[in-house]
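# Descriptive structure summary
Given next are the chains, with one letter for each unit.
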Amino acid sequence: MDSIESYIRSDNFTKLSPDALYRIQIKCQSSNPSEKEGGHGKPELTYKQAKNRVTRKSSRLSSQDSTCSESSVMGIPSRRDTVTSRGRTKNSRGPRGKNTVDPSDMTGKKKIRRTPKATEITTSSTPTLNSPIISLQDQINPEEKFQRILSDNLKEYSRQRMRALHMSLRHFSNVETRITQKELHQAFQDNQIKLPSRITQFLIDRFEDNRGIDCERLYRFLTEAHLKSGRDSVVALQRRNDLETKAEVTSEERDANLIQRLEQLLTDNLEYFDIEALRQNFRSIDKDKSGKISRNEVDDVCSRYQTPLYGALLKALLCRCDEENNNMISWPEFLHFLDLSQQNAQAKCPSLCDLPLKVKSRAPVTPSPIDELSEETKSRLVSKLRKKVSMVKDRASSTKQDEDPLKTTELNGDISCRENTEVKPVREEEVNPDRKRIVANMRRVTNLVKTSSGFLNTVKLFISGKRKSEPDLKTAGLENGFTDNDTKIQNTSSHTSDVMSESSNSYTAESNAQYSAPPSPPKPCRSAPVLSCCEIPGTVTDSSSLQHIPKNEKLTFSITVKGRSIDFQPPCNVNNNPLILDPPTHRLKLDWVYGYRGNDCRSNIFVLASDEIVYFISNIAVLYSRQTHKQRHYREHNEDIKCLNVHSNGNTVATGQFTSKTNPQNQAHIRVWRADTLQTIHVIGAGMYQKSVLAMAFSGSSDLLVAVDDSPEKRLTLWDVSSGELKGDTVVNTEVICDLQFNTKYPDVLVLSGKEHLTWWKIYSHSRMIQPLAKPDYENFLKAKYVICLTHNDRGDLLTGDSNGTVYVWGDGGNKITNFIKHAHDGPVFTVLCMRSYIVTGGRDGFIYCWQYNKNMEKDGELQLPKSEGGVRLLVLHGDVIIIGTTVNSMLSITSSKKQAPLKNVTLDQVPMTQGHFSEVRGLALVSRKETMGSIVTAGTDGILCWFNPHGRDPVCKLALKGIQFLCVDALPLGKHLALGTRDGHVIVLDIDGVSSTESFHQKLCKDKITTIKFSPDGSFLAAGSVDCCVYVCCLTNKEDGSKSWEFTGKFKDHTGPVQSFDWSSEPQDSDYLIKSCTSVPEQFVWNATNFCQKDKDLDTMSIQWETETCAVDVSMCGLWSSKQARNNDVHCVAVNSQNKLVAMGNSSGQISLFRYPCFKQGAYCHTYKGHGGVRNLVFSEDGQFLFSVGGRDLAILQWEVT
């Protein structure tokens, strides 16, 4: 620092280019050679560009380390550096690199010592890291050193002083933000900022051009230096208090707090919520019947009805009802909060119950607009109206006088009068043709004043000085219930006086109406929508207030899909029960997410500061707490998540997503959000990335985030997550990127790996540059086709795993291999974990190995995963527990040994953290009356069967059958028999005994897919629906030896489209079971499962009790098909709960809609939820407390709680 300061103050100081890299070299000048050799000459600093070759100096300063060697390229140390190589003082290649000194020559002149020859520095765009380095302090370029000196001089000035300087610079600047040197000195002097003359001269040289000094760039430079000064106010400003982890608050606690605040609002202000009026307006706005309207519409309705809800409380309630954070509010949920809080408030304060009755007896639905005006305004407007009417009267009376029709003309100051001439008598209508129109308009104005909306419009016109046109007045009169006959006026003077009297008494009549007039339905007005009598405030919200269908209204039962319709006969008891169109009182809440995306994603499990584990599946980021066994979910992505990374503070999370193949609006982008509050901080990169965001990494403790996309050139971008600003970008130009990571010791060095690719990059955040730094030097080591994984230990060493099964160690993060583990795995190495003095590796072979981190890299423990769990995708340390992410989308765990090697005497935990499928999952079934194993079973095209326990929220077990692609599954009670349908038309029946299984039936029934399969209630029949428009039936028959076997008996083939679903009757009808089947054409058939004969089309299906209700084409489902969710998408599945009160519908866009059951009437309202890319199957739990959904290709299994 002293040398640089003296250098700046010397005469040799010159302007340096900020874009070039320099090396500082030390020379000793002396007048004679002896002084030069003795090393006592005066030091001189010179600079050269980095691309030039630097030669070894013959002498050194006494303050320098005798082992210091030549600088490396771009500041990356190699293993030859004696300062950073942890005590290694000799060249690893042999003794020729030793610095030997003869003791006998120490008495004389200093002998020039030989140094090892440095590797030649390449001048290509991707230099190598082959040369030794100097310390990091000497690697700082002169500009940064000057900024440090400037920071020391600016430390004594406050931020207010610096802002005042900025104002002075702007005051002196011209339109081009340029100032002169004199003005710069004057600005410093005015704000009492004293800088050394050399520093001031450097600033002038740095920012001056032919137009003057750029004051804005100069001030930015001064601000950057001031931020590094260490002043207390600056440090406090830079402290990121917003990143501190906040205490976790559950959703139940947040809801209770909202209700308490609403109760307090009502009791303190003696107010009430007109819930019925709000409900009617929300219904009229919700055209899609989805139960959601925009946030602005909710605000507008609340303001129009003067709901006593505003400010932060209204904002918090709207955010609570916006579960998907898309500004769409669930208005039934909104009203539920208001209703619940009002009931609680009335229970605490009974006087609140009388408020609606008092308002009902003396006030209309909406307050009169006149009451909002002051007394002065009222009197002024009435005076203007009276004056207007008097002017009309005077004008009308003046036309009756007999005057000379010829006017007096004044020309050049002379007045000449013409002789009076006789005028023929003219009728009044002919003399004043405009009088009739004027009086009619004033009559309409008077009528408008009698209404609230008309009065408001009249007030606006008089205040603005405008005059309403006749068409506008006529329109306004018609809107307020007046006709042309009402406004027709005869041409008599008596009507003029009526206009004046009515206008003068308009305010009195209006003000007395609210006290004397009996309660009546309000007139329509612009300030409030048209309401029915049931919307009068004061009505209590109960079941009687729900919207019903009138009994005398004729109902039609039909379903129309893609231009084709199907009509149903009305059910026999449809007129006995009221048909309610309101959404159900029950709602869905995402409770648990099963699965983990490890099949095609890497580095996607992290541990947060809250001790939670964050990972993702589908478009949901899951935050799981092992201590409390609870999950939280970040659900703001609209497509599947591809990558994940966590800031060093453990609270800031970045997730990147795919680009939608079907919806161009859903583009790949990065969302930066807080883990404690699940609030989005920034959305960055929208429209910049192609296909998906492949990988991301944070740079140490800074706010820099690097991301690479899946475009052909692999675009690399640098972001500042604190501001969401793009700091730089470049292209990598490689085919495949597998991983990227910053060096823990040198946070500005980035390493990328991929297909035949391993490169080092240098990040220059201030200059917005990302430059390639080096390529690997394999020497005689084997180079793999893929470098799959990266990791850095605490000392900065880089460890890589490749497709050859080899682990390489790159000492100190350089590009030279210092150690290796050859053929560590039989196949690719997917993950490397550094813990204590060991290296733990996992590979595709399903083994986890532990290696001692020393010279020999000896194996010290191993663990093999079950074959059904596939390979090891990722290893993450969480305390003493090692979390294992697998390639079949499961997460396992082991407890490592503390005193011995991590894998000594360890076993897998019995219960997985989560499990799922790695290929498309469609099969979903309920296992009723299950006591030991899970009550929910799923089947996927990966040949895996998974059982889950919904109440314990745990995966129970897994069964893998390789080579079989399951599309559907069903189970008999107690789960001892499973029926499975495959993609190639096979039907398989498995007998389950504990964790083992045997095949009792395996036969190919058709050439196409089996899309649905079900047992009969007694288990004696098995039916399978196919894409070939047929339903195949198998029967359980007795053999001669007393055993039973399944045999194919026949098929029903009257369908004209692929079979979507079918249901068995609960009891045999005339000794035979019936099957109700449907297709998406749409069509429905009811037929005998024994003789395959179709029943009468007019059969009332509601009169038959069915074992399940999964047919979407049914008379009880007519109301579902009129919703927007069914019209604009394909309906994939429906499910009815065991109480027959709720029906859930899943469509191709991933929406789950919850309706009342049965849903006969078109226009029924529902609750809509988004959780999948496309919902493939739905099923309620046996007790109806949970709803399970599977998403097909998004691999997610979601458990929804019915609340």
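For the structure itself, look to the data block above.
Just so it is clear, the model here is predicted, and its values are computed rather than measured.

### Side note on the pairing of strand β30 (residues 798–802)
A large share of β30 lies buried, amounting to five of its five residues. The two faces of β30 match: Leu 798, Thr 800 and Asp 802 on one face and Leu 799 and Gly 801 on the other face are all buried. Pairing between strand β29 (residues 787–792) and β30: five bridges, direction antiparallel. Opposite Val 787, over in β30, you have Asp 802 as the bridge partner. Of the strand pairs in this sheet, β30 and strand β31 (residues 807–810) are connected by four bridges, and their pairing is antiparallel. The partner of Leu 798 across the bridge, within β31, is Trp 810.

### Notes on the packing of aromatic side chains
The description of an aromatic ring pair rests on the distance of the ring centres and on the angle between the ring planes. In total, this model carries 28 aromatic pairs according to the counting rule given. Ring centres 5.7 Å apart and planes at 85 degrees place the aromatic pair Trp 331 and Tyr 1165 in the edge-to-face group. Note that Trp 331 is positioned in helix α14 (residues 331–348) and Tyr 1165 in the loop between β57 (1151–1156) and β58 (1167–1170), a separation of 834 residues in sequence. Take Tyr 1165: its relative accessible area is 4%, and that puts it in the buried class. Centroid distance Phe 557 to Phe 1160: 5.8 Å. Interplanar angle 90 degrees. Geometry classified as edge-to-face. Of this pair, Phe 557 sits in the loop between α23 (506–516) and β10 (558–561) while Phe 1160 sits in the loop between β57 and β58, and the two are 603 residues apart along the sequence. Assigned by exposure class, Phe 557 and Phe 1160 land together as buried. An aromatic cluster is present here, built from Trp 760, Tyr 778, Phe 781, Tyr 808, Trp 810 and Phe 820 joined pairwise through their rings. The aromatic ring of Phe 830 is capped on one face by Arg 873, whose charged end is 4.4 Å from the ring centroid.

### Brief notes about the environment of Arg 159
Turning to its location among the elements, Arg 159 is positioned in helix α5 (residues 159–172). The exposure class assigned to Arg 159 is partly exposed, which follows from its relative accessible area of 25%. Considered as a pair, Arg 159 and Arg 231 are 72 residues apart in the sequence and their alpha carbons are 9.4 Å apart.

Rules and cut-offs
As a convention, each chain's residues are numbered from 1 in the sequence order in which they are written. Predicted model: local features are reported for residues with pLDDT of at least 70 only, side-chain atom pairs are reported and counted for 80 or more only, and whole-chain, interface and lining totals are derived from all residues. Only hydrogens and water are set aside; all other atoms, that is, all heavy atoms of the structure, feed into the side-chain values. Whether a residue is buried, partly exposed or exposed follows from its accessible area with a 1.4 Å probe, protein chains only, as a fraction of its type maximum: under 20%, in between, or over 50%, in that order. Helix numbers and strand numbers start at the N terminus; a helix is a DSSP run of H or I with at least 4 residues, a strand a run of E with at least 2. We treat two strands as partners when DSSP finds at least two bridges between them. When two rings of Phe, Tyr or Trp (its six-membered ring) have centres within 6.5 Å they constitute a pair, described as stacked for plane angles under 30 degrees, edge-to-face for angles over 60, and tilted for the intermediate range. Geometrically, a lysine NZ or arginine CZ counts as sitting over a ring once it is within 6 Å of the ring centre and also within 35 degrees of the ring normal.

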